[in-house]
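# Coordinate analysis (summary)
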Amino acid sequence: MSLESLQTAIRDAAASGAQLRLRGGGTKDFYGNAPRGSIIDTRAYAGIVSYEPTELVVTARCGTALSELESALEGEGQCLPFEPPHFGAQATLGGCVAAGLSGPRRASAGALRDFLLGVKIVDGRGRVMSFGGQVMKNVAGYDVARMIAGTLGTLGLIAEASLKVLPRAPAELSLRLEMPLERAIEAMNRWAGRPLPITATAWHEGELTLRLSGADVALRSARQALGGTALDAAQAQARWRAVREHTHPFFAGNEPLWRIAVPSAAGPLALEGKTLVEWSGGLRWLRSSAEAGAVRDAARAVGGHATLFRASDKSAGAFMPLPPVLARLHRELKNVFDPAGILNPGRLYPEL
Amino acid sequence: MRAFLPARAVLYEEEDTRPYECDGLTAYRRLPMVVALPETEEQVRQVLQTCAAMGVPVVPRGAGTGLSGGALPPGDGILLSMAKFMRILRVDPLARIAVVQPGVRNAAISEAAAPFGLYYAPDPSSQIACTIGGNVAENSGGVHCLKYGLTVHNVLRLRGFTINGEPVEIGAEAPDAPGYDLLALAIGSEGMLVVVTEVTVKLLPQPQFAKVIMASFDDLEVAGRAVAEVIAAGIIPAGLEMMDRPATHAVEQFVGAGYDLDAAAILLCESDGTPEEVEDEIKRIREVLQRAGASRMSESRSEAERLRFWSGRKAAFPAVGRISPDYYCMDGTIPRKRLGEVLNFIGQMEKKYGLRCPNVFHAGDGNLHPLILFDANKPDELHRAEQFAAEVLEKCIEVGGTITGEHGVGIEKINQMCVQFRPEELELFLAVKRAFDPAGLLNPGKAVPTLARCAEYGRMRVQRGKLAHPELPRF
Ligand SMILES: Cc1cc2nc3c(=O)[nH]c(=O)nc-3n(C[C@H](O)[C@H](O)[C@H](O)COP(=O)(O)OP(=O)(O)OC[C@H]3O[C@@H](n4cnc5c(N)ncnc54)[C@H](O)[C@@H]3O)c2cc1C
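This text gives an overview of the structure that appears in the document. Values in this document were obtained by computation on a predicted structure and should not be read as measured data. (Residues numbered from 1 in each chain as written. Chains lettered and ligands numbered in written order. Predicted model: local features only at pLDDT ≥ 70, side-chain atom pairs only at ≥ 80, totals over all residues. Heavy atoms only, no water.)

## Comments concerning the overall build of chain A
A count of helices and strands for chain A gives 11 helices and 17 strands. At 20 Å, chain A has a C-alpha radius of gyration in line with the 20 Å of a compact globule built from 352 residues. Viewed in the frame of its principal axes, chain A has a C-alpha envelope of about 65 × 50 × 35 Å. Looking at chain A residue by residue over its 352 residues, the buried ones come to 62%. Counting contacts in chain A only where the partners sit at least 6 residues apart, residues at least 24 apart contribute 67% of the total. Just so you have it, chain A exposes about 12,400 Å², and 49% of that area is on carbon and sulfur atoms. Side-chain charges of chain A comprise 39 positive and 33 negative groups, with the mean position of each set lying 2 Å from the other. (Helix = DSSP H or I, 4+ residues; strand = E, 2+ residues; numbered from the N terminus. Rg over C-alpha atoms; globule rule 2.2 N^0.38 Å. Buried < 20%, exposed > 50% of the residue type's maximum accessible area, 1.4 Å probe, protein only. Contact = heavy atoms within 4.5 Å. Areas by Shrake-Rupley, 256 points an atom, 1.4 Å probe, with all protein chains shown as cover. Lys, Arg positive; Asp, Glu negative; His and termini not counted. Charge placed at Lys NZ, Arg CZ, Asp CG, Glu CD.)

In structure tokens form, the structure reads like this:
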């Protein structure tokens, strides 16, 4: 597939006002509000464009399988530091950037947007534009590239993305400790304020799992400081994969799944339902049939926000509504990138 | 202004407004009509609302250390100094954040966090003077940003106003705020989208221990390759900086950092972490640098010595300021592997324009700071320096880099924006600006050129012998 054919498809749709649903492997079809429009499948626009390990940058086309990209990096001892969830073997780079989701390493390494150095997009008029680039530091023009992360295809088709990559940690070690949530939140935040190599945390039903990454010497001294029992390596790897990919039993079943982001030190939320906590307390997954308004109020009360992540009924809106001034700015920006309103309409917010 | 600002907060006599005529880019000067120094958010809102209603341009200003003319005042408008917003509102050691006003100095945040073993990571060399508001506007970096990131990686939330005086809160203390990432858009927007009145930053635990290696090289290109070798070995140093011989000579006279003055270039490579980790990593770095052709190496043996090694690098600009009446600091970023080529090119330009150009280089990030020395009192030297700079910036674009890594476009590099971006991309930037500021009153004429200006610059990108988008009108 050529970039021109993607451009033509978008240009034609803009002319006729036909709605388009941009889609890679479809692994994140569940995310956001229900997709609508005729599908543009990006998977044929694939391939790694350039990868130079010593420059710490990889550039690939949107249809590139995330697994293929990650194995190329692994071959050079590098990784995507934000550890993105795939949610299925078909996951593509384009979908990964559009969803903007980061995995267990988010609290220590940063989010997807932190590693997004540049994008090439096709906007809602079918124009190809590039923002950012392949270098680490670039402040020429507004940082449109980073802003594209998490836009769920509403501002443009992400044709190509350049990501900063990092060396994989030489060693990892996971520890398990028993403690109630309130104490776990306090402990995770206290530890995060000390120079400890903690790169992932997960609390569920009284059990806190920590992952340490770094040089052997650092892991040894951290282990002494933290205590707990060590998981064996295979078990640990499976555990973090299950948390990242939502194959952990907590994520099974049909009860609505909320993704509640809060300031990490906020105490346990007074909401009905089971919870799994990541990111040193900053991310609270919740299985609950509680009313959407109640969940969002509880999140808002501590300065957070709640996303209805997986649910059969998303009539409450997948994402927390924006305050009026920000909502207006969103509409204006949508109008800049996609004046005909044809790209993934409604996927992020009904009016975008 | 006097209706809602105290008399001392409105300056309009020339002797009072003169100090605001330029920022760190002193080649460009303009007296503002009025300088306003509000002290509260409400006053900021009133200034903006009033200016917007009257169609008067507003330029925000922090400490005025910017190097691209971002805070150059409008001759027919208000210079909005945020200098009175100097309070650290909250340091929360458990949540590891600080909430500060925009006029707080960068270094003051780390000072306030130090009792808790925390610090604010981005450390521009100007950190004792520059403000966090200016850092946000420029997305400033420092010598440790290879490992710890730029401003955009370390700011969680902003409060401020649009030009119309509408309050906005962008980002959040909680991760991944919903909607578009307006925080990424606002950071580095050079004071053109919002006036920032409050900043929430992330604090990091101070590394337990750090050590720096100073390595000498007989050849600049070999030094450049050594940088790539360090990275290829899977090491991300806490800092990785390069200086060439003219730069070390300038610095050594000024601060006496103990640099090897015989070397064609020196690398400063820092490791931080637990003492065991550092020893381990330093050993690996030494091996790599040795293999890569370092002619001499020395390690800091104490914290005082480590700081002394860095003091030279951090004083590079003022040091150069001592050996030349004027200097012009460039800021291009390039893929590291093209370093040799770009340095050779700079050498040729030194001959072509008859001006000297020492180099300091955030080598780990590929961010170059060639410093063109000139004397503005000599006829034509400023002009030659500007042409020299323009050629170097365009070379940075040619090798796949960018015209600015951390200092911003401002007024200085606005013509080169026409080379780096295509007309439709520039148009998009202008449209983004209009979304926030329809009348174009907030810091007008900076950072993004109009297409008319590009046509004037005569550099509308010629592609394959043809103008891109011939259908667009040329002015
Ligand atoms: C000796 C020296 C060394 C330097 N070293 C570095 C370095 O290592 N790394 C680096 O990145 N930079 C460096 N700089 C450049 C400069 O210090 C930074 O760009 C800094 O962030 C500017 O901060 P300031 O407070 O001086 O801002 P100013 O120069 O006053 O303003 C800069 C921009 O910010 C805008 N602005 C300021 N405050 C606000 C606000 N509250 N709301 C909205 N917009 C605002 C202004 O309009 C302007 O566009 C150096 C400068 C000097 C002189």
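Still to come is the rest of the account.
## Some remarks on the pattern of salt bridges
Throughout the structure, instances matching the rule amount to 59 salt bridges over all chains. A salt bridge links Arg21(A) to Asp29(A); the nearest nitrogen and oxygen atoms lie 3.3 Å apart. By relative accessible area, Arg21(A) is classed as buried at 17%. Arg338(B) serves as the salt-bridge partner of Glu341(B), at 2.8 Å between the closest nitrogen and oxygen. Under the relative-accessibility criterion, Arg338(B) is labelled partly exposed at 27%. (Salt bridge = Lys/Arg side-chain N within 4 Å of Asp/Glu carboxyl O.)

## As for the packing of aromatic side chains
Taken as a whole, this structure holds 17 aromatic pairs over all chains when the rule is applied. Relative to Phe388(B), the ring of Tyr353(B) lies with its centre 5.8 Å away and its plane at 25°, an arrangement referred to as stacked. Note that Tyr353(B) is positioned in helix 13 (residues 339-353) and Phe388(B) in helix 14 (residues 381-398), a separation of 35 residues in sequence. For Tyr353(B), a relative accessible area of 10% translates into the label buried. Through pairs of rings, three or more aromatic residues link up here, namely Phe30(A), Tyr31(A), Phe87(A), Phe250(A), Phe251(A), Trp285(A), Phe309(A), Phe319(A) and Tyr349(A). It is Arg61(A) that lies over the ring of Tyr45(A); its NZ or CZ is 5.1 Å from the centre. (Phe/Tyr/Trp six-rings, centres within 6.5 Å; stacked < 30°, edge-to-face > 60°. Lys NZ or Arg CZ within 6 Å of the ring centre and 35° of its normal.)

## Thoughts on helix 2 (residues 41-54) of chain B
Residues and elements named next belong to chain B. With 14 residues, helix 2 ought to run about 20 Å at 1.5 Å a step, and its terminal C-alpha atoms sit 20 Å apart, in line with that. For helix 2, the set of buried residues is Gln43, Val44, Val47, Leu48 and Cys51. Here the buried residues of helix 2 occupy an arc of 135° about the axis, which is enough to place them on one side. Contact partners of the buried residues in helix 2: strand 3 (58-61), strand 4 (78-81), strand 8 (155-161) and strand 10 (195-202). Following helix 2 by one or two positions, glycine 55 adopts a phi angle in the positive range, close to 70°. (Expected span 1.5 Å × (residues − 1). Arc of directions from axis to C-beta.)

## Side note on the sheet that holds strand 14 (residues 265-273) of chain B
Residue and element names in this part refer to chain B. Pairing is antiparallel across the open sheet formed by 7 strands, whose spatial order is 15-12-14-13-17-18-16. Single-partner strands in this sheet number two, and they are strand 15 (296-299) and strand 16 (326-329). Each neighbouring strand pair of the sheet contributes to a mean axis angle of 15°, computed without reference to strand direction. Bridge count between strand 16 and strand 18 (residues 367-374): 4 bridges; the pairing is antiparallel. If you follow tyrosine 327 over to strand 18, its bridge partner there is leucine 373. The strands touched by helix 14 within the sheet are strand 16 and strand 18, with strand 18 carrying the most contacts at an inclination of about 160°. (Pairing = 2+ DSSP bridges. Axes fitted to C-alpha atoms, helices over the stretch in contact; angles between N-to-C directions.)

## Some points on the packing of helix 13 of chain B against helix 14 of chain B
Residues and elements named next belong to chain B. Closest axis-to-axis distance for the helix 13/helix 14 pair is 10 Å, and the angle between their directions is 160°. Looking at the two axes, helix 13 sits roughly antiparallel to helix 14. Relative to helix 14, the crossing made by helix 13 is right-handed. Contacts between helix 13 and helix 14 involve Glu341, Val342, Phe345, Ile346, Met349, Glu350, Lys352 and Tyr353 on the former and, on the latter, Arg384, Gln387, Phe388, Glu391, Val392 and Lys395. Its residues placed into classes, the contact of helix 13 with helix 14 shows 7 nonpolar, 1 polar and 6 charged. (Parallel < 35°, antiparallel > 145°, perpendicular 65-115°, else oblique. Left-handed = near helix turned anticlockwise from the far one by under 90°. Nonpolar A, V, L, I, M, F, W, Y, C, P; charged D, E, K, R; others polar.)

## Overview of the sheet that holds strand 4 of chain B
All names here are of chain B. With mixed pairing, 4 strands are arranged side by side in an open sheet as 1-2-4-3. Edge positions in the open sheet fall to strand 1 (10-11) and strand 3, since each of these has one partner strand only. As defined by bridge partners, strand 2 (residues 34-36) adjoins strand 4 across 3 bridges and the pair is classed as parallel. Following the sheet pairing, valine 34 is matched in strand 4 by isoleucine 78. Together, strand 3 and strand 4 form the strand contacts of helix 2, whose direction differs from that of strand 4 by roughly 165°.

## Regarding the environment of Thr64(A)
Relative to the helices and strands, Thr64(A) is located in the loop between strand 4 (57-61) and helix 2 (66-75). Taking the C-alpha atoms as reference points, Thr64(A) and Ser162(A), separated by 98 residues in sequence, lie 12 Å from one another.

## Re the site of the ligand
Residues and elements named next belong to chain B. In the vicinity of the ligand there are 33 residues, among which Pro60, Gly62, Thr65, Ser126 and Thr131 approach most closely. Within the backbone of glutamate 190, a nitrogen or oxygen atom sits 3.3 Å from an oxygen atom of the ligand. In the model, a nitrogen atom of the ligand is placed 3.2 Å from a nitrogen or oxygen of the glutamate 406 side chain. Computed on the free molecule, the ligand has an accessible area of 980 Å², of which 95% lies beneath the protein chains in the complex. Listed by contribution, the elements that provide at least two residues to the shell around the ligand are strand 3, helix 4 (132-138) and strand 10. Residue contributions to the shell around the ligand peak at 5 residues, all from helix 4. (Near = heavy atom within 4 Å. Polar contact = N/O pair within 3.5 Å; in protein donor to acceptor, adjacent residues only side chain to side chain.)

## Here's the deal with the interface of chain A and chain B
Of the residues lining the interface, 69 residues belong to chain A; the matching set on chain B comes to 81 residues. Between chain A and chain B lies a buried interface of about 6,200 Å² when both sides are counted; carbon and sulfur atoms form 63% of it. Sorting the residues of chain A by area buried against chain B places Lys137(A), Val139(A) and Tyr142(A) first, and these three jointly supply 16% of that buried surface. Two residues, Arg328(A) and Glu166(B), come together in a salt bridge whose shortest N-O distance is 2.4 Å. If you look at where chain A meets chain B, you find 24 residue pairs in polar contact (both at pLDDT 80 or more). The set of elements that each furnish at least two residues to the side of chain A that touches chain B consists of helix 5 (112-115), strand 7 (128-132), helix 6 (144-148), strand 9 (166-167), helix 7 (181-192), helix 8 (216-226), strand 14 (257-261) and helix 11 (324-337) of chain A. At 10 residues, helix 11 of chain A tops the list of elements feeding residues into the side of chain A that touches chain B. Residue composition of the side of chain A that touches chain B, by class: 37 nonpolar, 15 polar and 17 charged. (Buried area = accessible area lost by both parts, 1.4 Å probe.)

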